[in-house]
Amino acid sequence: MSARVLVLGGTSEARALCALLAARGVDAIVSLAGVVPQAAPYPVAQRSGGFGGEDGLARYVIAEGITALIDATHPFAAQMPGHAAAAAKASGVAWVMLKRPAWTPVPGDDWRGFVSVTAAVEALPRGARAFLATGAGSLSAAAMRPDCRVILRTMTDPGPVADHVRVIQARPGSYVEDRDLLRDRGVTHVITKNAGGPARGKLDAARDLGIPVHMVARPALPMGRVLRTPEAARDWLDSLA
Ligand code: NAP
């Protein structure tokens, strides 16, 4: 049976993996949630939108003749890792997770750990000026603290916001952009999810400016094999052949 790969995407690693697979002529489909406008098309077949839970994903895998499933969703995607694990079990398809490494602190970092954005916001001292690099889903957490000023960066339009919240609709910034933003807006605390990857300009800027970071830990993954790079996922596919 020839290989047919389904990549659950929405990350730069999924995009890089698809480029590796396309370069080899692998029959692959990337699936996107369809919530964020994509910068560029993928070099493999593409589909968009939910499957209808783990049963829907299992039905899709079987109907499409998928032989390998790679969950390359974001480290903070809450539902898809469990759905992929269950669908793989139900369909018998080979399955692996591709999750980039988490960020780790370096000397000079002042990080405090939290289990959720809500907990990280609750821990702000009265009167803080917080920068939340956590997206539109954090709006309700931001709204809890009218005694603080909150700047929320999000890639999607969050709609109406409370008076103490300011929105920056943008992708993650460079070190210089984030340093200038933190300094010019008098930010006293940074709140971020430990997404890992290249968007750590805010962390380096916070360290250089002496600003504490409330770091939200990743949700737990299902029991299974986790690979850290697109190349490792490609090699795993080779090992199935
Ligand atoms: P989620 O909680 O795991 O997903 C919610 C629902 O969206 C899923 O149950 C599924 O619907 C659908 N979905 C998610 N990823 C999909 C995919 N790749 N293809 C098809 N359907 C998908 O994830 P989320 O936090 O809402 O994130 C949605 C997408 O944005 C993910 O693909 C993720 O990689 C990306 N993303 C998330 C974050 C973050 O911070 N959470 C950041 C950057 C990018 P059904 O149950 O109907 O199948």
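See the structure printed just above.
First things first, this report covers the structure right here in the doc. Just so it is clear, the model here is predicted, and its values are computed rather than measured. Per chain, the residues get numbers from 1 upward, laid out in the order the sequence is written. Totals for whole chains, interfaces and linings use all residues, but because this is a predicted model, local features are given only for residues with pLDDT of at least 70 and pairs of side-chain atoms are given and counted only at 80 or more. With hydrogens and water stripped out, all remaining heavy atoms of the structure feed into the side-chain values.

Let's shift gears to the overall build of the chain. Counting from the N terminus, the helices are DSSP H or I runs at least four residues long and the strands are E runs at least two residues long. Scanning the chain for helices and strands turns up 8 helices and 12 strands. Our radius of gyration looks at C-alpha atoms and nothing else; its globule reference is 2.2 Å times the residue count to the power 0.38. Here the C-alpha radius of gyration of the chain, 19 Å, is about what a compact globule of 241 residues would show, namely 18 Å. Within the chain, counting contacts between residues at least 6 apart in sequence, those at least 24 apart form 60% of the total. Of the roughly 11,400 Å² of accessible surface on the chain, 55% is carried by carbon and sulfur atoms. It only takes one pair of heavy atoms within 4.5 Å for two residues to be counted as in contact. The protein chains shown are the only cover counted for residues, whose accessible areas, like all others here, come from Shrake-Rupley with a 1.4 Å probe.

Before going further, it helps to examine the site of the ligand. Around the ligand, the surrounding shell holds 20 residues, and the nearest of these are S31, F51, H74, Q79 and M80. G53 places a polar main-chain atom, nitrogen or oxygen, 3.1 Å from an oxygen atom of the ligand. In protein, a polar contact means a hydrogen-donor-capable atom and an acceptor-capable atom, both N or O and within 3.5 Å, with residues adjacent in sequence counting only if both atoms are side-chain atoms; elsewhere, any N or O pair within 3.5 Å suffices. Note that an oxygen atom of the ligand is positioned 3.2 Å from one of the side-chain N or O atoms of K193. Look at the ligand: alone it shows 800 Å² of surface, and the protein chains cover 75% of it. Residue proximity to a molecule or strand is established when one non-hydrogen atom of the residue lies within 4 Å of it.

Accessibility here uses a 1.4 Å probe with only protein chains present; expressed as a share of the type maximum, an area under 20% marks a residue as buried, one over 50% as exposed, and anything in between as partly exposed. For helix α8 (residues 230–240), every residue scored as buried is listed here: P230, A233, R234, W236 and L237. Angularly, the buried residues of α8 cover 155° about the axis, an arc narrow enough to put them on a single face. The reported arc concerns the directions from the helix axis to the C-beta atoms and nothing else.

This part is about the pattern of salt bridges. What makes a salt bridge here is a side-chain nitrogen of Lys or Arg within 4 Å of a carboxyl oxygen of Asp or Glu, nothing more. Per the stated rule, a full pass over the model turns up 16 salt bridges. A salt bridge links D109 to R207, with the nearest nitrogen and oxygen atoms 3.2 Å apart. Of the two residues, D109 sits in the loop between β5 (94–98) and β6 (111–114) while R207 sits in helix α7 (residues 201–209), which places them 98 residues apart along the sequence. Exposure remark for D109: the relative accessible area of 16% places this residue in the buried category. Given the relative accessible area of 23%, R207 is considered partly exposed. Residue D204 is joined to R200 by a salt bridge in which the shortest nitrogen-to-oxygen separation is 3.2 Å. Taken as a pair, D204 and R200 share a single burial class, namely buried.

We now examine the packing of aromatic side chains. Aromatic rings from Phe, Tyr and Trp, taking only the six-membered ring of Trp, are treated as a pair when their centres fall within 6.5 Å; an angle between ring planes under 30 degrees marks them as stacked, one over 60 as edge-to-face, and anything in between as tilted. All told, the structure shown has 1 aromatic pair when counted by the stated rule. For a Lys NZ or an Arg CZ to count as sitting over a ring, it must be within 6 Å of the ring centre and within 35 degrees of the ring normal. The cationic tip of R15 hangs over the ring face of Y42; the distance from NZ or CZ to the ring centre is 4.2 Å.

It is worth spelling out the sheet that holds strand β11 (residues 213–216) at this point. Here we have 6 strands laid out as an open sheet, ordered β6-β11-β10-β7-β8-β9, and parallel in their pairing. Single-partner strands in this sheet number two, and they are β6 and β9 (165–169). On average, each strand axis in the sheet is tilted by 20° relative to the strand beside it, whichever way the strands run. DSSP bridges decide pairing: two strands pair if at least two such bridges lie between them. Pairing of β6 with β11 involves 4 bridges; the strand directions are parallel. Paired with G113 across the two strands is M215, which belongs to β11. Axis definition: a line fitted to C-alpha atoms, over the contacting stretch in the case of helices. Angles run 0 to 180 degrees between N-to-C directions.

Strand order in the open sheet made by the 6 strands is β3-β2-β1-β4-β5-β12, with parallel pairing throughout. Edge strands, defined here as strands with exactly one partner in the open sheet, are β3 (45–48) and β12 (226–227). For strand β1 (residues 4–8) and strand β4 (residues 68–71), the ladder comprises 4 bridges, and the chain directions are parallel. Within β4, the position partnered with V5 by the bridge is A68. On top of the sheet, helix α2 (residues 53–63) reaches β1, β2 (27–32) and β3; it is set at about 155° to β1, its chief contact. Against the sheet, helix α3 (residues 80–91) contacts β1, β4 and β5, and its axis sits at roughly 165° relative to β4.

Following both chains from N to C, one finds α2 and α3 inclined at 50°, their axes separated by 8 Å at the closest point. Of the possible angle classes, the one that applies to α2 and α3 is oblique. Remark: the crossing between α2 and α3 carries right-handed chirality. Each of G53, E54, L57, A58, V61 and I62 in α2 lies in contact with α3, whose residues at this interface are M80, H83, A84, A86, A87, A90 and S91. Residues are grouped as follows: nonpolar covers Ala, Val, Leu, Ile, Met, Phe, Trp, Tyr, Cys and Pro; charged covers Asp, Glu, Lys and Arg; every other residue, Gly included, is treated as polar. Tallied by class, residues from the contact of α2 with α3 come to 9 nonpolar, 3 polar and 1 charged. An angle counts as roughly parallel when it lies under 35 degrees, as roughly antiparallel when it exceeds 145, as roughly perpendicular when it falls between 65 and 115, and as oblique in every other case. With the far helix as reference, a near helix turned anticlockwise by less than a right angle produces a left-handed crossing, and one turned clockwise produces a right-handed crossing.

Without other data, these values stay purely geometric and don't point to any function.
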